[in-house]
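Chain and residue survey
Chain by chain, the residues:
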Amino acid sequence: MRNFFALILCLLPVLSAAQDWEDRQVFKGTAPTQTLRILSSTDTVFFAPIISGFLAENPTWSVEYFVTGTAEITGRFQAAPDTFDIVISSAMDLQLKLVNDGFALEVGGVDLPDWAQWRQRLFAFTSEPATIVVNRNAFADKPIPRTRQELIQVLRAAPETFRGKLGTYDIRQSGLGYLFATQDARASETFWRLMEVMGSLDAKLYCCSGDMIDHVASGDLLVAYNVLGSYAVSRQKSDNRFEIIRPSDFPTTMMRTGFVSRHAPHPGAASDFLRYMIKVQTAAPSGGNFPLPPLELNPAGANPSVISLEPALMTYLDRLKRSVFIKEWTNAVVQ
Amino acid sequence: MSDTVNVSGSLRTRLTLTLIGGAAVLTVLVFVVIRGYVAQIAQQGQDSILAASVSSILDAAILREGAVEVDFPYASLSMLSTDADDRVFYAIYQDDGLLSGYDILPEPTAVSGAATVHRTVDLDGTAIRMATAARTLIGADTRTIVSVSIAQTQEALAVTLNRISRNVVIFGAGFFLLTVVLSFWATSTTIRPLRRLANSITRRGPDDLSPVAGPVPNEMAPLVASLNRLMGRLDTSLKQSEDFIAEAAHRVRTPLATVRSHAEATLQRVDRDENRMALRAMIRAIDESSRAAGQLLDHAMITFRADHLEREQVDLLEMVRELVIRMTPVAQMKDINLHVTGVDSVVATGDAILLQNALRNLIDNALKYSPPESEIAIQVMAHPKPRIEIRDQGPGFPPDEIDDLTTRFSRGDNARGIIGSGLGLTIAQDVAEAHGGTLTLSNLPGGGACATFSL
């Protein structure tokens, strides 16, 4: 067994090199003897403080952090569930399906409300709203829209200004984009009208929030829809060329989730890491030290805008539902 | 008395154990039945939700341009959320091919248009409950059957069942304890008349052989009737014994007295020495027989009367004086002086006939063993307890036999040549004990015996 793991460890760099990661970094404790492997969709810069904090408490560990898109996580993890200890993703539906399919290990000692955990295996650790990011200059002479309806009106009022300068997730590529889109569609018909308007104005499609924010800031885009608020807020600290809008008609709030693989090579340490991560993300004065937004544990219960962790999340993952939804969306946006 | 009764088991214990055992069996039975019933209801609850979910998906199935589309609502799976976050699996089939969903579920068995089929299947060692239904879609020139299976793990169901089981156990234990308490109460209520009867009989006086008159429960009537009959027979037989003793005493003593007076008269008339000696021996033998018969009858009477003491106020001093007067002629024959001392009167409660008998035997004994021309001192005292001390100047009791002298027919080594049956001290001792008193024998320091009869 030991030899087997040694072989894997030797081959890992070779295997990993063969794969195409968005980012891949190794964080070393002060006296590392073993390595936790985390598969994640969260950009390294946002997650690094949590890893560093964990390593400060557990100096005998190293953490190897792999970043890839939400849609790829499922495939990569299912192909080799015993090579990763922890899976972190913002695509709640895909995460929930992995747990429902029996890929997750039960982790004890985590006390989260029902809507923020599922089966004591899948745990939420952030609350992140979907936002609309607009270029400040473009709206210098117009009122900034506060709802989707107002955005539609703004776009219709000046179609030529916004043609080719709108961006949103390509829900065919991005798991998070698909989650936001389906939840929006579930909430209101306004979503479809907005998509039709954006499609008619040649909206550009993106894989990731970071690129959309970049392009809005630079002025390549004037409006980006369903951008991750946490990334935008973080970027805004150094860049004030854009405005972040949380739509007041029906906000959609996503929670980043994580679970320990049932086939994890280091289940004990992986569980410790998960507990540590949830502890720092739910501690009262969070956010100061960690760039990821904390999990807002409202004592009154779940905020209705929060997508809660329940089996219904699998609805839009259904092949038939997905093909119908994507067909409708493509008809509206790509045209 | 209880150590002579052949006791086997206890009615109270048997009744209590039967009631408690019955309650225990009932409690377990009720637990099993309720748990089974609740499990069935809980299963029906899960089944109906699964069926609703299946039908909501089936309802969403449509044929569009020959292809099946199933745009099922969010609620189809949302309604399957449980407190225990049960895993959910679903599969949508067209004819026999999997259209969408999990391919790990067993083949659907539902028939189009028929009722939803429920079954429990095993998935990786976990029991899951599955509901399946089918529906026929009819297009322009096609006809296809869509079936839907929804399956769910049963963790929430298990949690519910465990909670209910725990509650049922708590209630069951409570009812059981209550039943135990009630069993004890019922038992003691049932046993009470029996104990009351036993008490009433124990508390009776020695002469009370009257039938039990108090009301008794139906079940005890035969026992009480038998008891009453037994006591009736006992009463009759006791009366007969008493009569027999009186009769026997009369019949034996009177002829002996007649024979003795004839012998005395004959003695006066014969002159030859050998005849006189023979007659004296005869009189001696008659005396001995008469005395033995009297004492035997006395003893029999005492044995009988001791169980039925007729207590009355008796002046012991008065009684002793009467006895002494009656025995003075015998004493004078041996020149023995009977000397009585005592205060004016010593009143005690007792059976006068028995006391008189006992004292007569003691004085008689003293007379027999006293040498001629001696004195017998009889002292009657009231304190601390009424007692009578009889001291003589005879040889005293043999020291090594002093403890055995009161046993029946036992006579001291120094009794040879003295008339006696060996019953005198036994009679005195029996009478003392019947009155709750004692007979103490001792030897005086200067010689002579001392018998202390105390009540």
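Below is a summary of the structure that appears in this document.

Conventions used here
- Residues numbered from 1 in each chain as written.
- Chains lettered and ligands numbered in written order.
- Predicted model: local features only at pLDDT ≥ 70, side-chain atom pairs only at ≥ 80, totals over all residues.
- Heavy atoms only, no water.
- Helix = DSSP H or I, 4+ residues; strand = E, 2+ residues; numbered from the N terminus.
- Buried < 20%, exposed > 50% of the residue type's maximum accessible area, 1.4 Å probe, protein only.
- Contact = heavy atoms within 4.5 Å.
- Areas by Shrake-Rupley, 256 points an atom, 1.4 Å probe, with all protein chains shown as cover.
- Pairing = 2+ DSSP bridges.
- Axes fitted to C-alpha atoms, helices over the stretch in contact; angles between N-to-C directions.
- Expected span 1.5 Å × (residues − 1).
- Polar contact = N/O pair within 3.5 Å; in protein donor to acceptor, adjacent residues only side chain to side chain.
- Phe/Tyr/Trp six-rings, centres within 6.5 Å; stacked < 30°, edge-to-face > 60°.
- Core = buried A, V, L, I, M, F, W, Y, C linked by side-chain atoms within 4.5 Å.
- Patch = residues over 30% accessible without salt bridge, like charges linked within 9 Å, V, L, I, M, F, W, Y side chains within 5 Å.
- Salt bridge = Lys/Arg side-chain N within 4 Å of Asp/Glu carboxyl O.
- Disulfide = S-S within 2.5 Å.
- Parallel < 35°, antiparallel > 145°, perpendicular 65-115°, else oblique.
- Left-handed = near helix turned anticlockwise from the far one by under 90°.
- Nonpolar A, V, L, I, M, F, W, Y, C, P; charged D, E, K, R; others polar.

**Here's the deal with the overall build of chain B**
Per the secondary structure count, chain B includes eight helices and 14 strands. Residues counted as buried form 39% of the 455 residues belonging to chain B. Intrachain contacts of chain B at a sequence separation of at least 6 include 64% that bridge at least 24 residues. Put simply, chain B shows about 25500 Å² of open surface, and 58% of that area lies on carbon and sulfur atoms.

**Details of the sheet that holds strand β9 (residues 337–342) of chain B**
Residues and elements named next belong to chain B. The sheet built from five strands is open, its strands ordered β9-β11-β12-β14-β13 with mixed pairing. Each edge of the open sheet carries a strand with a single partner, namely β9 and β13 (438–443). Ignoring strand direction, the axes of neighbouring strands in this sheet form an average angle of 15°. Of the pairings in the sheet, the one linking β9 to strand β11 (residues 375–381) comprises six bridges and is parallel in character. If you follow Gly-342 over to β11, its bridge partner there is Val-380. Of the strands in this sheet, β9, β11 and β12 (387–391) are in contact with helix α6 (residues 316–333), which crosses β9 at around 170°. Where helix α7 (residues 352–369) meets the sheet, it contacts β9, β11, β12, β13 and β14 (449–454), and its direction lies at approximately 175° from that of β14.

**Brief notes about α7 of chain B**
Residues spaced three or four apart along an α-helix point in a common direction, a consequence of the helix completing one turn every 3.6 residues. All names here are of chain B. In this model α7 runs 26 Å from its N-terminal to its C-terminal C-alpha over 18 residues, within 8% of the 26 Å that 1.5 Å per residue would give. Burial runs high along α7: 13 of the 18 residues are buried. Taking the backbone nitrogen of Ile-353 as reference, a side-chain oxygen 3.2 Å away marks Asp-351 as the first, capping residue of α7.

**Re the packing of aromatic side chains**
Residues and elements named next belong to chain A. Under the defined criterion, the tally for this structure stands at 20 aromatic pairs over all chains. When the ring of Trp-21 is compared with that of Phe-66, the centres are 4.7 Å apart and the planes differ by 50°; the resulting orientation is tilted. A residue pair is termed long-range when its members are at least 10 positions apart, and Trp-21 in the loop between α1 (2–18) and β1 (23–28) and Phe-66 in strand β3 (residues 61–67) qualify at 45 residues. Summarising the burial analysis for this pair, Trp-21 and Phe-66 share the class buried.

**Section: helix α12 (residues 319–333) of chain A**
Residues and elements named next belong to chain A. A rise of 1.5 Å per residue sets the reference length of α12, with its 15 residues, at 21 Å; its end C-alpha atoms lie 20 Å apart and thus fit the reference within 8%. Those residues of α12 that fall on the buried side of the exposure criterion are Leu-320, Lys-321, Val-324, Phe-325, Ile-326, Trp-329, Ala-332 and Val-333. The N-cap of α12, judged by a side-chain oxygen 3.1 Å from the amide nitrogen of Leu-320 a few residues on, is Asp-318.

**Comments concerning the nonpolar core**
By size, the foremost hydrophobic cluster in this structure holds 146 residues, and its most contacted members are Phe-47, Phe-162 and Phe-273 of chain A together with Ile-92 of chain B. Counting residues per element, this core draws most heavily on helix α11 (residues 267–282) of chain A, at eight residues. Contacts of Phe-47 of chain A, omitting those with residues within four sequence positions, involve Ile-38, Thr-42, Tyr-65, Ile-88, Phe-125, Phe-273, Met-277 and Leu-292 of chain A. Residues Met-301, Leu-367, Ala-432 and Leu-455 of chain B belong to the second largest nonpolar core, which totals 47 residues.

**A closer look at the pairing of strand β4 (residues 97–101) of chain B**
Residue and element names in this part refer to chain B. Examined bridge by bridge, strand β3 (residues 88–94) and β4 share four bridges and lie antiparallel to one another. When the bridges of β4 are listed, Ala-91 appears paired with Gly-101. Between β3 and β4, which pair antiparallel one after the other, the connecting turn spans two residues, and Asp-95 there sits at a positive phi close to 50°.

**Some details on a nonpolar patch on the surface**
A surface patch of nonpolar side chains, about 630 Å² in accessible area, is lined by Phe-171, Phe-175, Leu-178, Leu-182 and Trp-185 of chain B. Turning to its location among the elements, Phe-171 of chain B is positioned in helix α3 (residues 155–202).

**As for the state of the cysteines**
Residue and element names in this part refer to chain A. Going through the model one piece at a time under the given rule, you end up with one disulfide over all chains. At a sulfur-sulfur separation of 2.3 Å, the disulfide partner of Cys-207 is Cys-208. With the S-S bond torsion at -90°, the cross-link from Cys-207 to Cys-208 turns out left-handed.

**Concerning the sheet that holds β3 of chain B**
Residue and element names in this part refer to chain B. The strand order across the open sheet built from five strands is β4-β3-β7-β6-β5, with neighbouring strands paired in antiparallel fashion. Bordering the open sheet on either side are β4 and β5 (117–123), each of which pairs with just one other strand. Put simply, the sheet's adjacent strands are angled 30° from each other on average, direction ignored. Relative to strand β6 (residues 126–138), β5 is paired through seven bridges, and the arrangement is antiparallel. When the sheet's bridge partners are listed, Asp-122 is paired in β6 with Ala-127.

**Quick look at the packing of helix α9 (residues 209–218) of chain A against helix α10 (residues 229–236) of chain A**
All names here are of chain A. Remark: α9 packs on α10, axes separated minimally by 9 Å, with the N-to-C direction vectors making an angle of 45°. Between α9 and α10, the angle is such that the two are oblique. Our pair here, α9 against α10, has a crossing hand that is right-handed. Residues Ser-209, Gly-210, Ile-213 and Asp-214 of α9 pack against Tyr-231, Ala-232 and Arg-235 of α10. Taken together, the residues that form the contact of α9 with α10 break down as three nonpolar, two polar and two charged.

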